[in-house]
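Here is what each chain is made of, one letter per residue.
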Amino acid sequence: MIRSQAFISLRSLAEISILNINQLVAIESGAFTDLPKLRYLSICNTAITQFPDLNSISSQELYFFLEMGDNLHLDGIPSNAFRGMSEEYVYMNLVRNGFKEIRTHAFNGTKLDKLVLKGNKRLCEIHEDAFEGATGPSVLDVSSTALRALPARGLRKVKVLMALSTPSLKTLPPLENFQELHEAQLTYPSHCCAFHSWRSSSRYRRGHLLLIRTPLAACSKLQNDVASDKSTEAVGLYDVSFQYPDLDLCADSSPIKCTPEPDAFNPCEDLLGYAFLRSVTWIITVFAMSGNLTVLFVLLSSHQKLTVSRFLMCNLAFADLCMGLYLLIIAFVDFYSRQEYYNHATAWQTGAGCHVAGFLTVFASELSVYTLTLITLERWHTITHAMRMDRRLRLRHVLGLMAAGWGFSGLVALLPVLGVSSYTKVSMCLPMDIETAASQGYVVAVLLLNVAAFLVVCYCYGRIYARVRNPEVATRRGDAKIAKRMAVLIFTDFLCMAPISFFAISAALNMPLITVSHSKILLVLFYPINSLCNPFLYTIFTRACRRDVCLFLSRCKRHAHTRAGRGQGRAAHAGKAKRKDPSRKPHSLQFYTYHIKMQGCFLSRAGT
């Protein structure tokens, strides 16, 4: 323990180093008192549990250096911790301590030049008013901490901001707080997008009016002229600061130097990128979800026998519904984060929401392709063996095949969550990470499987058409008609997927042909178009669906009439009961009269 007044009034003392004393558990209040020449104080690798009292140092040196490191038992910086330490600028190197929080007004009364909080791995909060009453800092380093947010106040003088290896810092405070920022070293590229766009827009807003009137080279001259003119007229007419107090006349218009720079996978734009894609996405989402929900409701509520075709259509509708849910998530996040996606990009792409969205879209895409392929194979098998009823696929066979399809689709969608590729690479939450051999192999394999499915469909329908057009082969007319319609629909679906497969395979082979921004157009206009069209072309516009809807409506009408009839019957019965209740005597007289008649009848028979 260092006692109180241990370093009192040592006016010539310039440096104090307290290093590597693991038995030191406390420094009493007032231990550092009246040290006007002190310019360097280091307290490192100790076991102190309370923040030392530095308020009575009263250093008068022009620059004071405070170093505190590896004090793992210190849990925070209290309020007014440095008030009275020095009246001049201070460099604080507070690294690798056990700090969990920095309390309000912690730096009150100080002139901060540099503040280094690097390596405080438990530091998760800096109070909003921690810098209240302080000047600076000009350099702030919060690298390798657990901070979730920076304070919204007290950062206006920061020129250099360092926040490397700070994964929890996913959002930035309002950018207006960084008025003098020139350099930023951050963890996520999306934050650099914020500074680039803000600096260019703010400089335009603040200086465009003046720049029209005055060349930049004359800024300083104009300011000097205005300052030298003391007349009231000059102040009223020519003092730009008086007329536009928020305008920085000769502000530095150079862009902020920020790292890491946004890459090709995460350009500086909103989630959907283009404004017209927002409208298109919402339209496709509404129709896809409403159409597929209608298909599921009609097919599952029908009293007809669940056939193989109906079962496959239900699976296809469910897959397309999952794609609609994916689009709904993307559209909602884009609406919520528009104009400020840089502040939501990290939380979105690394959070559970993006993983759920990515799982839904991959699962829906693979299940849809699998189901369409199975529909084609079922049609081909049925037409090929049209006269052999014993060779037709039964529902139990298709149940096993679809169970395998669900398992395959779920596995393919789950692999990026388990580390094979990743859903966090791009804002659309698609598995576009091909940095490792396993990830590249996964992406290429999935795309090639989709191409193989397309080739299978081509082959099957080629054989179907050849068989249908052969007059010597007996086929059922209904099968041929269904095959032709299915061929048109499935070819349309796969043609819509062809651009996606082509550009995706080229990108997976490290030969991208379009940018991520342009690929969003394909992903919105082509990728989910099947989910929009399938429920209408496969089910809603068919005669069978119209028949099921009519049967459903007739059942509803019949049920309504039945309930109405029962209600009227109960009402009539209740009315009769009410009419009979007051006159129970007539009923009793009729009862007695009947019995008297019956008794007379028996007596007359006995007499005969």
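This structure is a prediction, so every number in the text was calculated from the model and none was measured. (Residues numbered from 1 in each chain as written. Predicted model: local features only at pLDDT ≥ 70, side-chain atom pairs only at ≥ 80, totals over all residues. Heavy atoms only, no water.)

*Asks:* Is there a simple way to explain the sheet that holds strand β10 (residues 125-126) in this structure?
*Replies:* The pairing of strands in a sheet comes from backbone hydrogen bonds and takes either a parallel or an antiparallel form. Taken in spatial order, the three strands line up as β6-β8-β10 in an open sheet, and their pairing is parallel. The outermost strands of the open sheet, each flanked by one partner alone, are β6 (76-77) and β10. (Pairing = 2+ DSSP bridges. Helix = DSSP H or I, 4+ residues; strand = E, 2+ residues; numbered from the N terminus.)

*Asks:* Help me understand the side chain of S337, please; the structure alone is not making it clear to me.
*Replies:* The residue S337 is located in helix α6 (residues 308-337) in this model. A relative accessible area of 1% places S337 in the buried class. One polar contact links the side chain of S337 to the main-chain carbonyl oxygen of V333, over a distance of 2.7 Å. Contacts of S337, omitting those with residues within four sequence positions, involve D270 and H344. (Buried < 20%, exposed > 50% of the residue type's maximum accessible area, 1.4 Å probe, protein only. Polar contact = N/O pair within 3.5 Å; in protein donor to acceptor, adjacent residues only side chain to side chain. Contact = heavy atoms within 4.5 Å.)

*Asks:* Help me out: how do you make sense of the confidence of the model for the protein in this one?
*Replies:* Per-residue pLDDT for the protein averages 79, and the proportion of residues at 70 or more is 72%. Considering only residues more than four positions removed or in separate chains, one finds that residues 580-589, a stretch of pLDDT under 50, has zero contacts. Taken together, the stretch residues 599-608 has pLDDT below 50 and engages in zero contacts with residues farther than four places along the chain or on a different chain. (pLDDT = per-residue confidence, 0-100.)

*Asks:* Explain the state of the cysteines to me, please; I cannot follow it from the model alone.
*Replies:* Defined simply, a disulfide is a covalent bond joining two cysteines at their sulfur atoms. As enumerated under the stated definition, the model contains three disulfides in all. The disulfide partner of C193 is C268, and the S-S distance across this bridge is 2.1 Å. Between C193 and C268 the disulfide shows an S-S torsion of about -75 degrees. By sign, it is left-handed. Here C193 is found in helix α1 (residues 189-213), whereas its partner C268 is found in the loop between β14 (257-259) and α5 (275-301), with 75 residues between them in sequence. Overall, C193 belongs to the buried group, its relative accessible area being 9%. Taking relative accessible area as the criterion, C268 reaches 46% and is therefore assigned partly exposed. Numbered in order of appearance, the disulfide-bonded cysteines of the protein are paired 1-3, 2-4, 5-6. No disulfide involves C460; its sulfur sits 9.5 Å from that of C458, the nearest cysteine. Judged by its relative accessible area of 3%, C460 is buried. (Disulfide = S-S within 2.5 Å.)

*Asks:* Explanation requested: helix α12 (residues 516-525) in the structure shown.
*Replies:* An α-helical segment advances 3.6 residues per turn. Residues three or four places apart therefore align on the same side. Among the ten residues in α12, seven count as buried, and that is most of the element. Of the residues making up α12, those classed as buried are V516, S517, S519, K520, L522, L523 and V524.

*Asks:* Help me understand the pairing of strand β5 (residues 63-69), please; the structure alone is not making it clear to me.
*Replies:* One face of the sheet, then the other: side chains in a regular strand alternate in exactly this way. With five bridges connecting them, strand β4 (residues 40-46) and β5 associate as parallel partners. By the bridge assignment, Y40 is partnered in β5 with F65. Relative to strand β7 (residues 89-95), β5 is paired through seven bridges, and the arrangement is parallel. Residue pairing in the sheet places G69 in a bridge with V95 of β7.

*Asks:* Honestly, the packing of aromatic side chains in this entry has me stumped. Any pointers?
*Replies:* Here the distance between the centres and the angle between the planes together describe a pair of aromatic rings. According to the stated counting rule, one finds twelve aromatic pairs in the structure shown. Where F51 meets F99, the ring centres are 6.4 Å apart and the plane angle is 40 degrees; that geometry is what we call tilted. Placement of F51 in the loop between β4 and β5 and of F99 in the loop between β7 and β8 (101-102) is noted, with a sequence separation of 48 residues between them. Overall, F51 belongs to the buried group, its relative accessible area being 14%. F99 sits in the buried class, given a relative accessible area of 0%. A ring pair is formed by F178 and F195, whose centres lie 5.6 Å apart and whose planes are at 85 degrees; its orientation type is edge-to-face. Of the two residues, F178 is situated in the loop between β12 (160-162) and β13 (183-185) and F195 in helix α1; the sequence distance between them amounts to 17 residues. Residue F195 is classed as buried on the basis of its relative accessible area of 0%. A network of ring pairs unites the aromatic residues F51, F82, F99, F107 and F131 as a single cluster. (Phe/Tyr/Trp six-rings, centres within 6.5 Å; stacked < 30°, edge-to-face > 60°.)

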